[in-house]
Amino acid sequence: MKRTVFFISDGTGITAETLGHSLLAQFDGIDFEQITIPYVNNDTRALDAVSRINKAATADNAPPIVFDTIVNEDVRRILAKSNGFMIDIFSSFLKPLETALGASSSYSVGKSHSIVNNQSYDLRIDSVHFALDNDDGARTRHYDLADVILVGVSRSGKTPTCLYLALQFGVKAANYPLTDDDLDDLDLPRALKDHRSKLFGLSIEPERLAAIRTERKPNSKYASIQQCESEVRGAEAIFNRYGIPFINSTHASIEEISTMIIEAAGIKRRLA
């Protein structure tokens, strides 16, 4: 089965996409064609969105699913005339929330993703720069400023996890790859020994690691299953020897890995 889904917003569309993706993920047997239309903030853009929705309805012979986070009521009324199945996220939640709080919403466009707090925005940018500057063990002299230092073999998911922690939580995350020398000696690198309380390990199933490395360097020792098995075994031995908490990243998304790290390591989120 195929259905078209629209995410429509008078801002970036990120909120509509986030909630929509979470709901659609519960329907495994349907092939969703997903279309985002951001900045639908006037009648002209609203009418254009209606035209696209109606064309999809005709092509699919079924009403498209439409997630919207439109604040302007005039624009919402135009969208409501389309042949889509409308899921108005803001009106579904804001009205009950106004009742519960005894207060009126500001109905501000794009507020959840705008720079409404310069301090939070600066913190996010600083954290991203920190993750990039302290990626892959390139620099270690600023580890005293890190909230967490991810440790693991090459291609176990350290870099994207660090960036996600920075972007979403304002966490300063560095990462350090365990090399053959470290794994042969089953010893913690000198640069990490003074920061053991900040270390968190990422492990991965050797088969998955080999598949990831094969995409980068096919037919190499680096990507061989024997090499991957040896490295993963050595990394976990180091984690166990030094009491470093670790998780297996094989079947987890970056979002899940990051949340597990935040929870297990007791790291304070700096961004709401």
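Quick caveat, the model's predicted, so the values are computed rather than measured. (Residues numbered from 1 in each chain as written. Predicted model: local features only at pLDDT ≥ 70, side-chain atom pairs only at ≥ 80, totals over all residues. Heavy atoms only, no water.)

> Help me understand the sheet that holds strand β5 (residues 148–152), please; the structure alone is not making it clear to me.
The strands that make up a sheet pair up through hydrogen bonds in the backbone, lying either parallel or antiparallel. Spatial strand order, β6-β5-β7-β8: four strands in an open sheet with parallel pairing. Every interior strand has two partners, whereas the edge strands, β6 (173–177) and β8 (246–248), have only one. Each strand of the sheet is rotated relative to its neighbour by a mean of 25°, with strand direction disregarded. Here three bridges tie strand β7 (residues 199–203) to β8, and the two strands are oriented parallel to one another. When the sheet's bridge partners are listed, Ser203 is paired in β8 with Asn248. Where helix α11 (residues 254–265) meets the sheet, its contacts fall on β5, β7 and β8, and the angle it forms with β7 comes to roughly 145°. (Pairing = 2+ DSSP bridges. Helix = DSSP H or I, 4+ residues; strand = E, 2+ residues; numbered from the N terminus. Axes fitted to C-alpha atoms, helices over the stretch in contact; angles between N-to-C directions. Contact = heavy atoms within 4.5 Å.)

> Help me understand a negative patch on the surface, please; the structure alone is not making it clear to me.
A contiguous patch of negative charge, built from Asp180, Asp181, Asp184 and Asp185, is present on the exposed surface. Positionally, Asp180 belongs in helix α7 (residues 180–185). (Patch = residues over 30% accessible without salt bridge, like charges linked within 9 Å, V, L, I, M, F, W, Y side chains within 5 Å. Areas by Shrake-Rupley, 256 points an atom, 1.4 Å probe, with all protein chains shown as cover. Salt bridge = Lys/Arg side-chain N within 4 Å of Asp/Glu carboxyl O. Lys, Arg positive; Asp, Glu negative; His and termini not counted. Charge placed at Lys NZ, Arg CZ, Asp CG, Glu CD.)

> I'm lost on the sheet that holds strand β2 (residues 31–37) in this one. Help?
Spatially, four strands are ordered β2-β1-β3-β4 in an open sheet, and the strand pairing comes out parallel. Strands with a single pairing partner mark the edges of an open sheet, and in this sheet they are β2 and β4 (85–88). Neighbour to neighbour, the strand axes of the sheet diverge by 20° on average, direction disregarded. Strands in contact with helix α1 (residues 14–24) are β1 (2–9), β2 and β3 (65–69); relative to β1, the strand with the most contacts, it is inclined by about 155°. Across the sheet, helix α2 (residues 43–60) is in contact with β1, β2 and β3; its angle to β1 comes to roughly 170°.

From the geometry alone we can't say anything about function, so treat these as descriptive.
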